[in-house]
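# Remarks on the overall topology
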Amino acid sequence: MKINQLTVEEKLRLLCGKDAWQTCDFNGKLPFVKVTDASMGVRTAKDDGSGDKPSVSYPSAQMLANTWNLQTVRAYAECVADDCLDYGADILLGPGVNIKRNPLCGRNFEYYSEDPYLAGTIAREYIAAMQQEGAGACLKHFCCNNLEYNRKLQSSEVDERTLREIYYKPFEIACEAKPVSLMCSYNKINGVQGSEYKKGFTVLREEYGFDGAVISDWDAVYDRAKAAKAGLDLEMPFSQSNYDKLLEDYKAGKITEAEIDACAHRVLDMVARCKELQKGKTRKRIREDRINVSREAAEEGIVLLKNEGVLPLKKGQSLSACGIYGAPYSANSDYSRYLSGGGSSRVVRLTKEFDIPEALRKQGFTVLFNGGFDDNGINNWVGMNPREAIGNAAESDVNIVFAGTGGEIEHEGNDRKHMRLSDVQERAILDTAAVNPNTVVVLFAGAPIDMSAWINEVAAVVWAGFPGERGDEAVANVLTGKVNPSGKLTETFPLCYEDSPVANGYLDGAVTRYEEGLDVGYRYYDTYNVPVLFPFGHGLSYSTFEYKNLVLKTADDKLEVNFEIENVSAIDGKEVSQIYVRAVSSYVYRPYKELKSFAKTLVKAGKKEKVTAKLNLRAFEYWSVGHDRWEVEDGIYEIVVAASVADEKLKIKIKIKDGKITVL
Ligand code: BGC
């Protein structure tokens, strides 16, 4: 169907959805696409509107990022594409690459990282894999939706260099995978409504090669004509009043037919591309295999934060467990509170109850566990007697406490009020740890927790994040050592919220000032030497790794970084190595160091593996406000190979002169 075969009214109608989830088809005259949420699997509403259809509940985006494993990202995205085919969805409304600027943001679990390179790299892989398997992507939310507070009204006020280097950057990288669509944000950007952000849409199209359609976030359009003129192609969901006003504005000459055609074209192209992507595609995995991928992703993404030797559990040890998690103790057992965050991305899980004690018993452990407790928002133990939990802990070799936030606290439209666990959970940890020094805390949450009240009293902390429906088995496997933990944090865990660079930034109902500029996340803590609880990139293993033999090779504007990782323990393990660039002699401000590459490498016990990373000049550039373009300064830089941002292992200086790199 050609655009000139449509009437003007039809073209205008094409710029608005048919309903909440589909584009217009004019009674079969046009092909259409169905879109669906999003970041933890496929959430599709039941046809009778009575809730959502059960579907595989995967680990949250945060957990996927914590894997630092692009093969895992690829497998996860392929599975989600298969789920889309199952539910007749053409486009998945994800991935989300908003930067985790504020640890309290209620949607952090739906996003990848505080680092733009990492978030963009994961999203690029995800989009490429998903689209290759036949489902279109919708990269979201462009941009600066970094807090949920007053999200539809407030303006994120950010300087141009910070926009380019931090907030646009993940979109720039992800656009290399050619997503069929992109979603605008609810908030304003420097006073301009996200749906009317022409400046940003132009950068996407003219500089980042984005050639898909821009879709509105749900109900984010205030002036349809203005949004269309800015380059927002499709408004979702359908709004009769916005359509009527658009028609009126067209008749009044406020928007031209050419401007309407440009948007209509892109909507038709998006539909055609989706149909093209689907040609000849069948499901790559049956559902059971997808559930296994979900478990494997959780196993790769779980982060061992602290371990004073208590983990892995030893055969024959007796265990006690208590805690707040999951069905059947949650109010809404369909969702299971602690295996996923809430909001539009929450998936009704497909399979069984979430039961870690049972998963441990299956591996031969005895577990004293008479019931989980639920603080139920009322700060009381419900469903389990605290004395019993303390008694259980006192008579067991190892005591495990499950704690966290859950989907009732972390969900879109809401931010956390603070970073601590509820009083009742902190008490449970302290009271049981007081009678058992071998206490392990397993945390279910989507964003950093302030652990100051109890961290020194416990022997180990495991970050289970929001691990999806097979997270119980994944957690049990990590605790017992069946799986050697290999996830690392993709955001900093500050000691407390007040230490975060945004804690004192200006914020009112209308404006959020991004006063910290480039110093987001580790860029701040690392540059200003601010102590943190766990640094960006941190994660322990049951293996011990040594980094050796850094060798740099250059050829004009290219740099090859080679080093070795040796596993000096008796257990096979995977290590995430990180490559940072430090500008040593810059004439403009640069954060102390910035992530430019990473690798996840399996190293067998007692063996060594080579790691190679390739960098080009783009790894050294900054956005010059003076010249309005990316620039690479001549000068000295340091290449830092690290196990976390705070654990630098190997480094060598290089020199850049007239675009040529030499090793010093
Ligand atoms: C969210 C989007 C989501 C959309 C559709 C909005 O409230 O911000 O991320 O895709 O709803 O459910």
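Predicted, not measured: the structure shown is a model, and the values here were computed from it. (Residues numbered from 1 in each chain as written. Predicted model: local features only at pLDDT ≥ 70, side-chain atom pairs only at ≥ 80, totals over all residues. Heavy atoms only, no water.)

### A closer look at the overall build of the chain
Cut-off, in case you're wondering: Counting from the N terminus, the helices are DSSP H or I runs at least four residues long and the strands are E runs at least two residues long. A radius of gyration in this sense is built from C-alpha atoms; the matching globule rule multiplies 2.2 Å by the number of residues raised to 0.38. Only protein chains enter the accessibility calculation, which uses a 1.4 Å probe; a residue is then buried when its area is under 20% of its type maximum, exposed when over 50%, and partly exposed in between. Only heavy atoms enter the contact rule, under which two residues are in contact if any of them lie within 4.5 Å. Accessible areas in this description were obtained via Shrake-Rupley with a 1.4 Å probe; residue shielding takes into account the shown protein chains only. When charges are tallied, Lys and Arg are placed among the positive residues and Asp and Glu among the negative ones, while His and the ends of the chain are skipped. In plain terms, the charge of a residue is placed at NZ if it is Lys, CZ if Arg, CG if Asp and CD if Glu.
The helix and strand tally for the chain stands at 16 helices and 27 strands. By the compact-globule yardstick of 26 Å for 664 residues, the chain fits well, its C-alpha radius of gyration being 25 Å. For the C-alpha atoms alone, the extent of the chain along its principal axes is close to 80 × 65 × 50 Å. With 664 residues in all, the chain has 64% of them scored as buried. Looking at the chain alone, contacts between residues at least 24 apart form 75% of all its contacts between residues at least 6 apart. Within the structure as shown, the chain displays about 23400 Å² of accessible surface, and the carbon and sulfur contribution to it stands at 49%. Averaging the coordinates of the 83 positive side-chain charges in the chain and doing the same for the 96 negative ones gives two points 4 Å apart.

### Here's the deal with the pairing of strand β5 (residues 181-184)
What counts is decided by this rule: Two strands pair under a simple rule: DSSP has to find at least two bridges between them.
Every second residue of β5 is oriented toward a common face, with Ser181 and Met183 on one face and Leu182 and Cys184 on the other, all of them buried. In this sheet, β5 lies alongside strand β3 (residues 136-142) in parallel orientation, the contact comprising three bridges. Across the sheet, Cys138 pairs through a bridge with Ser181, a residue of β5.

### Focus: unusual backbone geometry
Of the consecutive residues Lys140 and His141, the connecting peptide bond is found in the cis state with omega at -15°. Topologically, His141 is positioned in strand β3. In this chain, Met236 is followed by Pro237 through a cis amide linkage whose omega measures -15°. Here Pro237 lies in the loop between α8 (224-230) and α9 (240-251). Unlike most non-glycine residues, Trp68 shows phi in positive territory, near 50°. For Trp68, the location among the structural elements is in the loop between α2 (61-66) and α3 (70-86). Phi is positive for Asp628, close to 55°, though the residue is something other than glycine. Inspection of the secondary structure assignment puts Asp628 in the loop between β23 (622-624) and β24 (629-631).

### Here we look at the state of the cysteines
Think of a disulfide as a covalent bridge from one cysteine sulfur atom to another cysteine sulfur atom. This is how the line gets drawn: Cysteine sulfur atoms are paired as a disulfide whenever they fall within 2.5 Å.
Counted under the stated rule, the structure contains zero disulfides. Left unpaired, Cys105 is separated from the closest cysteine sulfur, that of Cys144, by 12 Å. Cys138 provides the cysteine sulfur closest to Cys274, a residue in no disulfide bond, and the two sulfurs are 10.0 Å apart. A relative accessible area of 0% means that Cys274 is categorised as buried.

### Considering the environment of Phe210
Locating Phe210 in the fold gives a position in the loop between α7 (198-207) and β8 (213-215). Here Phe210 falls in the buried class, since its relative accessible area comes to 4%. Sequence spacing of Phe210 and Val158 is 52 residues, and the spatial spacing of their C-alpha atoms is 22 Å. The contacts of Phe210, once residues within four sequence positions are left out, are Cys175, Pro179, Ser181, Leu182, Leu204 and Arg205.

### Some points on the sheet that holds strand β25 (residues 635-644)
Consider a sheet: its strands pair through backbone hydrogen bonds, and that pairing is either parallel or antiparallel. Note the cut-off: In this analysis, axes come from line fits to C-alpha atoms, helices being fitted only over the stretch in contact, and the angle between any two N-to-C directions falls in the range 0 to 180 degrees.
Across the sheet, five strands lie side by side as β21-β20-β25-β26-β27; this open sheet has antiparallel pairing. Edge positions in the open sheet fall to β21 (594-603) and β27 (660-663), since each of these has one partner strand only. On average, adjacent strands in this sheet sit at an angle of 30° to one another, irrespective of strand direction. Taken together, the six bridges between strand β20 (residues 573-583) and β25 define a ladder with antiparallel strand orientation. Note on β25: the bridge partner recorded for Ala583 is Tyr637.

### Description of the environment of Ser541
Operational definition: N or O atoms closer than or at 3.5 Å make up a polar contact, with two conditions inside protein: a donor-capable atom paired with an acceptor-capable one, and, for residues adjacent in sequence, both atoms drawn from side chains.
With respect to the secondary-structure elements, Ser541 resides in the loop between β17 (532-534) and β18 (545-555). Since its relative accessible area comes to 18%, Ser541 is described here as buried. Sequence separation between Ser541 and Lys306 is 235 residues, and the spatial gap between their C-alpha atoms is 9.8 Å. Sequence-distant contacts of Ser541, that is, excluding residues within four places in its chain, are made with Leu304, Asn484 and Pro485. Reaching out from Ser541, the side chain makes a polar contact with the side chain of Asn484 at a distance of 3.3 Å. A polar contact of 2.8 Å, which involves the side chain of Ser541, links it to the backbone nitrogen of Ser543.

### With respect to the sheet that holds strand β11 (residues 366-368)
Sheet architecture is open: six strands sit in the order β9-β14-β13-β12-β10-β11, paired in mixed fashion. Single-partner strands in this sheet number two, and they are β9 (303-307) and β11. The mean inter-strand angle of the sheet, taken between neighbouring strand axes irrespective of direction, is 20°. Here strand β12 (residues 398-404) runs beside strand β13 (residues 439-444); their pairing, made up of six bridges, is parallel.

### Here's the deal with the nonpolar core
Nonpolar side chains in soluble globular proteins tend to end up buried together. To keep things clear, this is the line we draw: Put simply, buried Ala, Val, Leu, Ile, Met, Phe, Trp, Tyr and Cys residues joined by side-chain atoms within 4.5 Å make one nonpolar core.
Residues Tyr112 and Tyr126 are the most contacted members of the largest nonpolar core, which totals 113 residues. Considering every element that reaches this core, the biggest residue donor is helix α10 (residues 257-278), with nine residues. Once residues within four sequence positions are removed from consideration, Tyr112 is found in contact with Ala61, Leu64, Ala65, Pro95, Gly96, Val97, Lys100, Ala119, Ile122, Ala123, Tyr126 and Thr490. Of all hydrophobic cores here, the second largest spans 58 residues; its members include Cys322, Ile356, Leu443 and Leu533.

### Some points on α9
Keep this limit in mind: An expected span of 1.5 Å times one less than the residue number is assigned to each helix. The directions from the helix axis to the C-beta atoms are what the arc is built from.
Taking 1.5 Å per residue as the helical rise, α9 with its 12 residues ought to reach 16 Å, and the 17 Å between its terminal C-alpha atoms agrees with that figure. When α9 is considered as a whole, its buried residues turn out to be Asn242, Tyr243, Leu246, Leu247 and Asp249. One face of α9 carries all of its buried residues, which in axial projection span an arc of 165°. When the buried face of α9 is taken as reference, the exposed residues oriented beyond 90 degrees from it are Ser241, Glu248 and Lys251.

### A closer look at the packing of helix α11 (residues 287-301) against helix α15 (residues 471-480)
Spelled out, the test is: Orientation labels follow simple angle bins: below 35 degrees gives roughly parallel, above 145 gives roughly antiparallel, 65 to 115 gives roughly perpendicular, and whatever is left gives oblique. Left-handed describes a crossing whose near helix is turned anticlockwise from the far helix by less than a right angle; the clockwise case is right-handed. Following the grouping adopted for this structure description, the nonpolar residues are Ala, Val, Leu, Ile, Met, Phe, Trp, Tyr, Cys and Pro, the charged ones are Asp, Glu, Lys and Arg, and the polar ones are all others, Gly among them.
For the pair α11 and α15, interaxial distance at closest approach is 8 Å and the crossing angle is 40°. In this view, α11 runs oblique relative to α15, as classed from their interaxial angle. Crossing angle aside, the handedness with which α11 passes α15 is right-handed. Along the contact surface, α11 presents Arg295, Ala298 and Glu299, while α15 presents Glu473, Ala474, Asn477 and Val478. For the contact of α11 with α15, a count of residues per class yields three nonpolar, one polar and three charged.

### Considerations on the packing of aromatic side chains
Put simply, the rule reads: The pairing test for Phe, Tyr and Trp rings, Trp by its six-membered ring, is centres within 6.5 Å, and the orientation test on the planes gives stacked under 30 degrees, edge-to-face over 60, and tilted for anything in between.
Considering all chains together, one arrives at 23 aromatic pairs under this definition. Measuring from centroid to centroid gives 5.1 Å for Tyr58 and Tyr76, while their planes differ by 40°, and the two rings are tilted. Placement of the pair is Tyr58 in the loop between β1 (35-36) and α2 and Tyr76 in helix α3, with a sequence separation of 18 residues. Grouping residues by exposure puts Tyr58 and Tyr76 together as buried. Measuring from centroid to centroid gives 5.4 Å for Phe142 and Tyr168, while their planes differ by 35°, and the two rings are tilted.

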